[in-house]
Amino acid sequence: RMFYDQRQQRVSFNGLRVGDTIEVAFVKRDTAARNKFDDYFGELVPLDDVLPTRRREYILEAPAGRKLSFNQPVEATPGKQPGTTIYRLTVGERKGIRPEPNMPGWTEIARYLHVSTFSDWDAVGRWYWNLVREQLVVDAKIRAAVQEVLAGLPKGADERAKVRALYKHVITSTRYVGLEFGIHGFKPYRTTDVYDRRFGDCKDKASLLKVMLAEAGVASHLVLVRTRDQGTIGATPASLSAFNHAITYVPSLDLYLDGTAEFSGPEELPTGDQGATVLIVKDGAGAELRTIPTSTAAANFQSVREVVTLASDGAAAVQHDLTVTGAGAAGWRSILQSSDNRRERLTNAWGAQFPGLVVDDIKAPQLGDVLQPVRITSKWQVPTWAQAQGEGLRFPALGHRTGLTQSLAGQAKREHDLVMAAPSTEDTAVDYVLPKGWKIAQSPASKAIDTPLALFRLEVDARGDRATVKTHLEYRKSRFTPAEYRALRDFLSQVDGSLDQVFEIRPER
């Protein structure tokens, strides 16, 4: 869905051995009959790699009268051509960065060079606004669409309702395709063209949403985004090269809207945008560099309610109800969007925890509406919920091993921070109905673990032929330092141990 007029050359070196040295040199010339960026130049270059590097040299030749800003000290000498200056940065031997799962973006863990002809972010904002403002146009078709969307709202609908409805219209009526040829790697196409052909990339969709909101009387700004996986950057210098995405910001609601998030609601900003460095372009009045806040644990909520009716052979019939709000909702909408393969997708999602799972029935009437939480009701048959233990059966508290330590913190220690998707809350309630004539011989012990990083509660109520298990798991942060990582790993280990406790049931005599 992305098309560029750029090319990449791949070179392979076969038969390399330890101790061999590869020297790579290349020249990139920013010259043409007309510079599509006028007199702007900016670049963000890594100075570290995952591989050990003996020497790295960066050389930039520019007109002597053109002022450049750098985030690293560089050597400036007269160029070979009259009226030019050569800027040079040499980096000596570097050990290389050892990659780790879910580590911060590269600018946070590696040294980098940032160079720009802009000295401040206001200048970037003004330059970008002058580039895009003529693309933000409205025609009769767009006006009619806005009026139709607003007409579908209840009388007296407030500004938030209008924003939500128009956001839904943009993400459902246009699809994501990027034609990033020439200047259109940075400049959106005209909003009338985007709406006519019903597709566009991130900046196209952000621009379309902005003009539609303006038609509804709602002020908004274009926002340039450096997604969280790229890492944060320093405040200087200022350039466009730092950004790889674009969204829309509604200041009156303090609401960021990602027009490419086709399965996310307006309050369900993708985690790649959360914690990202952004530049809010203020319609010709400069710009503001800021960081998008990370959502709270309460905003990213998952609730599971199960009624598990056990059979004497260890099989179970399960009534399963799932509710998801926040950043995690988009994933469920995406994998279950097609009703034709919904049963297969749900089987794959839960089958690893419950081998042999068969999904009998699925109900998700509002799954296609991003303005509603994800609610999925399903019925399962699980052939091996419990395992034979002498004359009885045994099974873990939730019917499966959790393995949180292995999945989230599998390394014994880390060099870099651990970055999780977002703070989140998971609540689970399981009601067990035993086979007729059976009783509970042993049940898990309740447990509570409260730390500054995370919270866990396990409550077990076992009486006669019924038992109820309730859990509450809350991650209060999404980023953990190496020191905090050890505490998080200990927490997860205790959670796993608590949930690995088993029920033992047997026939009454």
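For clarity, every value in this text was computed on a predicted model and none was experimentally measured.

Caption draft 1: Region of the structure containing the overall build of the protein. Secondary structure summary: the protein contains ten helices and 29 strands in total. For the protein, the spread of C-alpha atoms along the principal axes amounts to about 100 × 70 × 40 Å. Computing the positive centroid from 66 side-chain charges and the negative centroid from 62, the protein places the two 1 Å apart.

Caption draft 2: Focus on a nonpolar patch on the surface. Residues Val11, Phe13, Leu16, Ile22, Val24 and Phe26 make up a contiguous nonpolar surface patch of roughly 660 Å² in combined accessible area. Here phenylalanine 26 lies in the loop between β1 (2-4) and β2 (42-46). What makes phenylalanine 26 exposed here is its relative accessible area of 70%.

Caption draft 3: Quick peek at empty space enclosed by the protein. What the rule picks out here adds up to one cavity of 30 Å³ or more. Volume-wise, the largest cavity comes out at about 30 Å³. When grouped by side-chain class, the residues that make up the lining of the largest cavity number seven nonpolar, two polar and two charged.

Caption draft 4: Representation of helix α10 (residues 482-499). When the terminal C-alpha atoms of α10 are compared, their 26 Å separation across 18 residues agrees well with the 26 Å that a helix rising 1.5 Å per residue should span. All buried positions along α10 are accounted for by Tyr485, Leu488, Phe491, Leu492, Val495, Asp496, Ser498 and Leu499. Along α10, the residues classed as buried sweep out an arc of 155 degrees about the axis, all on the same side.

Caption draft 5: Inspection of unusual backbone geometry at higher detail. The omega angle of the peptide bond from threonine 236 to proline 237 is -10 degrees, so this bond is cis rather than trans. Relative to the elements of secondary structure, proline 237 occurs in the loop between β11 (221-226) and β12 (245-250). With a phi close to 55 degrees, asparagine 102 is a non-glycine residue in the positive phi region. With relative accessibility at 48%, the residue asparagine 102 sits in the partly exposed group.

Caption draft 6: Up close: the layout of surface pockets. What the second largest pocket holds in volume is close to 1,100 Å³. Lining of the second largest pocket is provided by 42 residues; of these, Gln302, Leu404, Ser424, Glu426 and Tyr475 occupy positions nearest its centre. If one sorts the elements of the lining of the second largest pocket by residue count, strand β23 (residues 424-433) sits on top with six residues. The residue inventory of the lining of the second largest pocket, partitioned by class, reads 23 nonpolar, 16 polar and three charged.

Caption draft 7: Representation of the nonpolar core. Counting residues in hydrophobic clusters, the biggest one holds 55 residues, and the most contacted among them are Trp332, Trp380, Trp385, Tyr432 and Phe491. Judged by nonpolar contacts, the second largest core, of 52 residues, contains Leu166, Ile171, Leu222 and Leu240.

Caption draft 8: Spatial organisation of the packing of helix α4 (residues 159-173) against helix α6 (residues 202-215). Remark: α4 packs on α6, axes separated minimally by 10 Å, with the N-to-C direction vectors making an angle of 145 degrees. Relative to α6, α4 is oriented so that their crossing is right-handed. Seen from α4, the contacting residues are Val163, Leu166, Tyr167, His169, Val170 and Ile171; seen from α6, they are Lys205, Leu208, Leu209, Met212 and Leu213. Classifying every residue of the contact of α4 with α6 by side-chain character gives nine nonpolar, one polar and one charged.

Caption draft 9: Inspection of the packing of aromatic side chains at higher detail. A full pass over the atoms with the stated rule returns 15 aromatic pairs. Look at tryptophan 106 and tyrosine 112: their rings are 6.1 Å apart centre to centre, the planes differ by 80 degrees, and that puts the pair in the edge-to-face class. Of the residues examined, tryptophan 106 reaches a relative accessible area of 27% and is grouped as partly exposed. Connected via pairs of aromatic rings, a cluster forms that spans Trp332, Trp350, Phe354, Trp380, Trp385, Phe395, Tyr432 and Phe503. The ring of tyrosine 195 carries the charged tip of arginine 198 above its face, separated from the ring centre by 4.0 Å. Above the ring of tyrosine 485, the side-chain terminus of arginine 414 is found at 5.7 Å from the ring centroid.

Caption draft 10: Region of the structure containing the pairing of strand β16 (residues 301-310). By the bridge criterion, ten bridges tie β16 to strand β17 (residues 316-325) in an arrangement that is antiparallel. The residue of β17 that forms the bridge with valine 304 is leucine 322. Adjacent in sequence and paired antiparallel, β16 and β17 are bridged by five residues, among which glycine 314 carries a positive phi angle near 95 degrees. One ladder, built from nine bridges, connects β16 with β23; its direction is parallel. Counterpart to valine 307 in the pairing with β23 is aspartate 431.

Caption draft 11: Summary view of the environment of leucine 208. Along the chain, leucine 208 turns up in helix α6. Leucine 208 gets classed as buried once you look at its relative accessible area, which sits at 0%. Considering only alpha carbons, one finds leucine 208 and glycine 464, 256 residues apart in sequence, at a separation of 61 Å. Setting aside residues no more than four positions away along its own chain, leucine 208 makes contact with Ile142, Val170, Thr174, Thr191, Val194 and Tyr195.

Caption draft 12: Structural view of the side chain of lysine 205. Note that lysine 205 resides in helix α6. Overall, lysine 205 belongs to the buried group, its relative accessible area being 0%. Those residues in contact with lysine 205 that sit more than four places away from it in its chain are Val170, Ile171, Thr174, Arg175, Tyr176, Gly200, Gly259, Thr260 and Glu262.

Caption draft 13: Molecular detail of the sheet that holds strand β25 (residues 447-450). Pairing within the open sheet is mixed, and its eight strands lie in the order β18-β19-β17-β16-β23-β27-β26-β25. Every interior strand has two partners, whereas the edge strands, β18 (358-363) and β25, have only one. Neighbour-to-neighbour, the strand axes of the sheet open up by a mean angle of 10 degrees, direction not taken into account. Packed on one face of the sheet, helix α8 (residues 342-351) meets β17, β18 and β19 (374-382) and runs near 120 degrees to β18. Against the sheet, α10 engages β25, β26 (454-463) and β27 (466-475), with an angle of about 10 degrees to β26.

Caption draft 14: Just the environment of alanine 445, in detail. The residue alanine 445 is located in the loop between β24 (438-442) and β25 in this model. Given the relative accessible area of 42%, alanine 445 is considered partly exposed. Taking the C-alpha atoms as reference points, alanine 445 and glutamine 501, separated by 56 residues in sequence, lie 7.7 Å from one another.

The rules behind these values
- Residues numbered from 1 in each chain as written.
- Predicted model: local features only at pLDDT ≥ 70, side-chain atom pairs only at ≥ 80, totals over all residues.
- Heavy atoms only, no water.
- Helix = DSSP H or I, 4+ residues; strand = E, 2+ residues; numbered from the N terminus.
- Lys, Arg positive; Asp, Glu negative; His and termini not counted.
- Charge placed at Lys NZ, Arg CZ, Asp CG, Glu CD.
- Patch = residues over 30% accessible without salt bridge, like charges linked within 9 Å, V, L, I, M, F, W, Y side chains within 5 Å.
- Areas by Shrake-Rupley, 256 points an atom, 1.4 Å probe, with all protein chains shown as cover.
- Salt bridge = Lys/Arg side-chain N within 4 Å of Asp/Glu carboxyl O.
- Buried < 20%, exposed > 50% of the residue type's maximum accessible area, 1.4 Å probe, protein only.
- 1 Å grid on protein atoms, 1.4 Å probe; cavity = no way out; pocket = protein on both sides within 12 Å on 5 of 7 lines; lining within 4 Å.
- Points joined across faces, edges and corners; volume = space filled by probe spheres on them.
- Nonpolar A, V, L, I, M, F, W, Y, C, P; charged D, E, K, R; others polar.
- Expected span 1.5 Å × (residues − 1).
- Arc of directions from axis to C-beta.
- Core = buried A, V, L, I, M, F, W, Y, C linked by side-chain atoms within 4.5 Å.
- Axes fitted to C-alpha atoms, helices over the stretch in contact; angles between N-to-C directions.
- Left-handed = near helix turned anticlockwise from the far one by under 90°.
- Contact = heavy atoms within 4.5 Å.
- Phe/Tyr/Trp six-rings, centres within 6.5 Å; stacked < 30°, edge-to-face > 60°.
- Lys NZ or Arg CZ within 6 Å of the ring centre and 35° of its normal.
- Pairing = 2+ DSSP bridges.

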